[in-house]
Amino acid sequence: MIELLTNMTTSAVLAGGVLALAALGETLGERVGVINLGLEGLIAMGAVVAVLAVFTTGNPWLGLLAAAAIGLALGSIFALAAVVVRANQILCGLALTFIGLGLAKSIGNPVAGRPVTAQFVAVRLPLLSDIPILGRSLFNQPIPVYFALLLLPVSLHFLLFRTRHGLNIRAVGEDPGSADVAGISVMSIRFLYVCVGAALTTIAGAYLTLVFIPTWSDGVTAGRGWIAIALVIFARYQPLRVVLGAILFGFVTALGFAAQALNWPISPVVLSALPYVLTLLVLIGPALRLRTANAGGAPAALGQPYFREERN
Amino acid sequence: MALKSLPRPSIGWKLRLTPIASRNALVVARIVAVLLALLVSAVVIKLSGLSPIALGAKALKSSLGSEFALEQLGLLLTPILITAVAAASALRMGLWNIGIDGQLYIGAVAVTGVGLFVDGPNFLMLLVLSITGMVGGALWVLLPALARAYANVNEIISTLMLNFVAILIVNYLATGPWRDKTGAGVMAASARIPFALPEFFGALHIGLFLGMILLGVFAFVSRFTQFAYETDLVGANNHIGSYMGVRTEQRIVVIMLVSGAIAGLAGMIEVTGNVHRLQYGISNQFGIFGIIAAVLGRGSPIGIAVGSVFIAFVLNSGLVMQSAGLSLNSVIALTGLVLLAVASAEVLARYKLARSSANLVRSKVDAG
């Protein structure tokens, strides 16, 4: 029983990391008022580029770096359309999904199904990892896990809510007109954080193939990008809540694995559908309670392109 | 007179943002965007060591050059036309039905369920199956529709989540309870359904005409009914409904159900016209392609027709030229690029070259 619980929490934490990285990236973008629906494509690109980099260099850190670089590149293309040209953000996001998924599957075809040659290995934190059950699952994990679930969310929280620059970031997302008047460059802040968010999302892809599932295949992203977008809404755009939500979703994934391993009398269809159904539920549940406008904590200018000419 | 000492602006003309683009500017911008996206793809193809011109020629030949090619083009055009109408119906109200694939699949599930276990004359059964498919598709969008209308839940994510669930259900049924037990050599598919749409040109079935009729109905309703007029207004402004006596929430549900029902009809037509079985891959991402076709066509009936033909052509080329190093996936990437370019063109078309206002003041002062 203890063995099972340990395994389940371990894989919950591992699975949660993918969602946490992607959702934290999206949180950054949405905080500056830009909704990026292209996460699924970005995760796929990050995952495949990381795998290709590891196949050529044998170093997982270079894989992570390559994924981050492709994220910045794709993020810039997206931001060029959605922030500089100020095109419809939903269309740009869908376009990014198709570009990312299509490209990733095309260039990933030669390595599809081949196990990666080098992965991140678990780093054991002394003392802490001796705590039963939680110790091993929380403190005996590869380094990217600590980054995704601890370092990154805490620093983002600090950045957003404890620094002057964070205030500027949030101002751009809430009321770009006023931010503009106050001398903040709306376009540069939006461009920068949309790109950083995209890079975090491709890093989530690298995490997926270098930490969690050590191979690239066509369906490996399995809707995680869309779940991450839902997670941001669920977490009300707060980095620390994003992490809790991500681990909750990770736990549901782990539940599916455990049930299959232990031959629980539940149909595998139901188990595989669980994360998607749960996503629906976490979207609908809170929304029923908070029907008043903006009780969900969404930045007021989310999704709206900012034209200085049309400021009122 | 003090104004005279103002520096003269260096450029007398500047770009000015107008609130809405002119119709001509939009058409031109759209065509330029599509060409630009194709050009970028050609460069990428060139860089990957293939000849874009040879591929293009092959694409034209493979889609238009023979009877078989035209037949395949028609087979792809049929579902894309219908899913494009489904997407455009929702977009009339500013709703993004990204779950068309899922609704198509569940429509197909419902059709297969009835088709396998109920018997009757072909014509009557096709009628029954049409309704079955539409009900299936509408039911699959019911929850996201209600959630969007009454709890303001983002319909993009909710409809998309149900796509994954729908595919799981199809895989389960096609490989489990409904799998073909006759040993006809069909893997991972249900038994053959005995009811089929008549074919008129090789394997091309009358579904294409049904799609055209559907587009005609969409055009008629959009142009001549109060329903469509109200929907446009309510879609453009959430609050206007209460002044007009239209219940916005109810209208959201109705529009989403209509969109889902059309998607389900596409599922019925694919099952009875093309595939004749339930299997994964009935929807070759037709939902996505339909959305792109609808966006390319800006929701106008003629635009949807042109957009659908373009997407079907690109998709057909991608499928036929798999041996030449292309794939369905590269086609998806290409359509993404087209979408990005078109979205940008939409805004760029709003810029107008105008004489700078400073210059106007200047010339007025000069004139006294």
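Right above here is the structure, for reference.
Just so you know, these numbers come straight off a predicted model, no measurement behind them.

Quick notes on the rules
Residues numbered from 1 in each chain as written. Chains lettered and ligands numbered in written order. Predicted model: local features only at pLDDT ≥ 70, side-chain atom pairs only at ≥ 80, totals over all residues. Heavy atoms only, no water. Helix = DSSP H or I, 4+ residues; strand = E, 2+ residues; numbered from the N terminus. Rg over C-alpha atoms; globule rule 2.2 N^0.38 Å. Contact = heavy atoms within 4.5 Å. Areas by Shrake-Rupley, 256 points an atom, 1.4 Å probe, with all protein chains shown as cover. Lys, Arg positive; Asp, Glu negative; His and termini not counted. Charge placed at Lys NZ, Arg CZ, Asp CG, Glu CD. Buried < 20%, exposed > 50% of the residue type's maximum accessible area, 1.4 Å probe, protein only. Buried area = accessible area lost by both parts, 1.4 Å probe. Salt bridge = Lys/Arg side-chain N within 4 Å of Asp/Glu carboxyl O. Polar contact = N/O pair within 3.5 Å; in protein donor to acceptor, adjacent residues only side chain to side chain. Nonpolar A, V, L, I, M, F, W, Y, C, P; charged D, E, K, R; others polar. Disulfide = S-S within 2.5 Å. 1 Å grid on protein atoms, 1.4 Å probe; cavity = no way out; pocket = protein on both sides within 12 Å on 5 of 7 lines; lining within 4 Å. Points joined across faces, edges and corners; volume = space filled by probe spheres on them. Core = buried A, V, L, I, M, F, W, Y, C linked by side-chain atoms within 4.5 Å. Expected span 1.5 Å × (residues − 1). Phe/Tyr/Trp six-rings, centres within 6.5 Å; stacked < 30°, edge-to-face > 60°. Lys NZ or Arg CZ within 6 Å of the ring centre and 35° of its normal. Patch = residues over 30% accessible without salt bridge, like charges linked within 9 Å, V, L, I, M, F, W, Y side chains within 5 Å.

Chemist: Help me out: how do you make sense of the overall build of chain A in this one?
Modeler: Secondary structure assignment for chain A yields 12 helices and 2 strands. The helix and strand sequence of chain A, counted from the amino end, reads α-α-α-α-β-α-β-α-α-α-α-α-α-α. Computed over the C-alpha atoms, the radius of gyration of chain A is 19 Å, within 12% of the 20 Å expected from 2.2 N^0.38 for a compact globule of 312 residues. Based on the C-alpha atoms only, the size of chain A along its principal axes is roughly 60 × 45 × 40 Å. A separation of at least 24 residues holds for 78% of the contacts in chain A among residues at least 6 apart in sequence. About 12,500 Å² of surface is accessible on chain A, with carbon and sulfur atoms providing 68% of the total. On chain A, the mean spot of the 17 positive side-chain charges and the mean spot of the 11 negative ones are 5 Å from each other.

Chemist: Where do I start with the overall build of chain B in this structure?
Modeler: A count of helices and strands for chain B gives 14 helices and 4 strands. In chain B, buried positions account for 51% of the 368 residues. Contacts in chain B between residues far apart in sequence, at least 24 positions, make up 79% of those at least 6 positions apart. With an accessible surface of roughly 17,100 Å², chain B has 67% of that area assigned to carbon and sulfur atoms. Where the 24 positive side-chain charges of chain B centre and where its 13 negative ones centre are 17 Å apart.

Chemist: Help me understand the interface of chain B and chain A in this model?
Modeler: One widely used convention gives an interface's size as the accessible area the parts lose upon coming together. Counting from both sides, the interface comprises 38 residues of chain B and, opposite them, 41 residues of chain A. Summing the contributions of chain B and of chain A, the shared interface buries around 3,500 Å²; its carbon and sulfur component is 82%. Here chain B and chain A share 0 salt bridges between them. Run the count over chain B and chain A and you get 2 residue pairs in polar contact (both at pLDDT 80 or more). Elements represented by at least two residues in the side of chain B that touches chain A include exactly helix H5 (122-151), helix H6 (155-175), helix H11 (286-296) and helix H13 (328-348) of chain B. Take the side of chain B that touches chain A: its biggest share by element is 12 residues, from H13(B). Residues belonging to the side of chain B that touches chain A are distributed by class as follows: 31 nonpolar, 6 polar and 1 charged.

Chemist: Explain the state of the cysteines to me, please; I cannot follow it from the model alone.
Modeler: Cysteine pairs can be covalently joined through their sulfur atoms, and such a bond is termed a disulfide. Residues and elements named next belong to chain A. Summed over the entire model, instances satisfying the criterion amount to 0 disulfides over all chains. Free cysteine: Cys 92, not disulfide-bonded; nearest cysteine sulfur from Cys 195 at 13 Å. Look at Cys 92 and you get buried, because its relative accessible area is 0%.

Chemist: Which parts of the structure should I look at to understand empty space enclosed by the protein?
Modeler: By rolling a water-sized probe across the atoms, one finds the places where empty space is left. All names here are of chain A. Under the defined criterion, the tally for this structure stands at 1 cavity of 30 Å³ or more. By volume, the largest cavity amounts to about 50 Å³. In terms of lining, the largest cavity is formed by Gly 25, Glu 26, Gly 29, Val 34, Asn 36, Leu 39, Val 194, Gly 197, Ala 198 and Thr 201. Of all elements in the fold, only helix H1 (2-31) and helix H9 (186-212) reach the threshold of two or more residues within the lining of the largest cavity. Examining the composition of the lining of the largest cavity, we find that 4 residues originate from one element, H9, more than from any other. A per-class count over the lining of the largest cavity returns 4 nonpolar, 5 polar and 1 charged.

Chemist: Would you mind showing me how to read the nonpolar core here?
Modeler: Buried together is how nonpolar side chains tend to be arranged in soluble globular proteins. Residues Tyr207(A) and Trp216(A) are the most contacted members of the largest nonpolar core, which totals 190 residues. Counting residues per element, this core draws most heavily on H9(A), which supplies 15 residues. For Tyr207(A), the residues in contact, after removing those within four places along its chain, are Val13(A), Leu14(A), Gly17(A), Val18(A), Leu21(A), Pro144(A), Val145(A), Ala148(A) and Phe212(A). Counting residues in each nonpolar core, the second largest holds 12 residues, with Val141(B), Ala149(B), Val234(B) and Val253(B) among its members.

Chemist: Looking at this model, I keep getting lost on unusual backbone geometry. Mind explaining?
Modeler: A negative phi angle characterises most non-glycine residues, just as the trans form characterises most peptide bonds. Residues and elements named next belong to chain A. The backbone of Arg 236 shows a phi angle near 50°, a positive value even though the residue is not glycine. Turning to its location among the elements, Arg 236 is positioned in the loop between helix H10 (224-234) and helix H11 (239-261). Take Arg 236: its relative accessible area is 28%, and that puts it in the partly exposed class.

Chemist: Where do I start with H11(A) in this structure?
Modeler: Each α-helix winds once per 3.6 residues, and so residues spaced three or four apart point in a common direction. Residues and elements named next belong to chain A. With 23 residues, H11 should reach 33 Å at 1.5 Å per residue; the first-to-last C-alpha distance of 33 Å fits that figure. Looking at H11, one finds that the buried residues are Pro 239, Val 242, Val 243, Gly 245, Ala 246, Phe 249, Gly 250, Val 252, Ala 254, Gly 256, Ala 258 and Ala 259. Its buried side turned inward, H11 meets H1, helix H6 (143-162), H10 and helix H12 (268-289). Within two residues after H11, Asn 263 carries a phi angle of roughly 60°, on the positive side.

Chemist: Help me understand the environment of Phe289(B), please; the structure alone is not making it clear to me.
Modeler: All names here are of chain B. With respect to the element layout, Phe 289 can be found in helix H11. Given the relative accessible area of 0%, Phe 289 is considered buried. Excluding residues within four positions of it along the chain, Phe 289 makes contact with Ile 80, Asn 284, Ile 311, Leu 315, Leu 328, Ile 332 and Thr 335.

Chemist: I tried to follow the packing of aromatic side chains on my own but got confused; where do I start?
Modeler: Here a ring pair, both rings aromatic, is described through the centre-centre distance and the interplanar angle of the planes. Using the criterion set out here, one finds 6 aromatic pairs over all chains in the structure. Ring centres 4.9 Å apart and planes at 85° place the aromatic pair Trp61(A) and Phe120(A) in the edge-to-face group. Of this pair, Trp61(A) sits in helix H3 (residues 60-84) while Phe120(A) sits in the loop between helix H4 (89-108) and strand S1 (122-124); the two residues are 59 residues apart in sequence, bridging distant segments of the chain. Take Trp61(A): its relative accessible area is 45%, and that puts it in the partly exposed class. Here Phe120(A) falls in the buried class, since its relative accessible area comes to 9%. Geometrically, the ring pair formed by Phe200(B) and Phe209(B) is tilted, given 4.6 Å between the ring centres and 35° between the ring planes. The exposure class of Phe200(B) is partly exposed, given its relative accessible area of 39%. We note Arg114(A) situated over the ring of Phe55(A); from NZ or CZ to the ring centre the distance is 4.4 Å. Just above the ring of Phe307(A) sits the side chain of Arg350(B); from NZ or CZ to the centre is 4.9 Å.

Chemist: What is the right way to read helix H1 (residues 23-47) of chain B from this model?
Modeler: Residues and elements named next belong to chain B. Helix length check: H1 (25 residues) gives 36 Å between terminal C-alpha atoms against 36 Å at 1.5 Å per residue, within 8%. Among the residues of H1, those classed as buried are Leu 26, Ala 29, Arg 30, Ala 33, Val 34, Ala 37, Ser 41 and Ile 45. Of the surrounding secondary structure, the elements contacted by the buried residues of H1 are helix H2 (52-64), H11, helix H12 (301-320) and H13. Count one or two residues on from H1 and you reach Gly 49, which has phi positive near 90°.

Chemist: Is there a simple way to think about a nonpolar patch on the surface in this case?
Modeler: On the surface, Ile131(B), Val135(B), Leu139(B), Leu142(B), Leu146(B) and Tyr150(B) cluster together into a nonpolar patch covering about 520 Å² of accessible area. Mapped onto the elements of the fold, Ile131(B) is located in helix H5.

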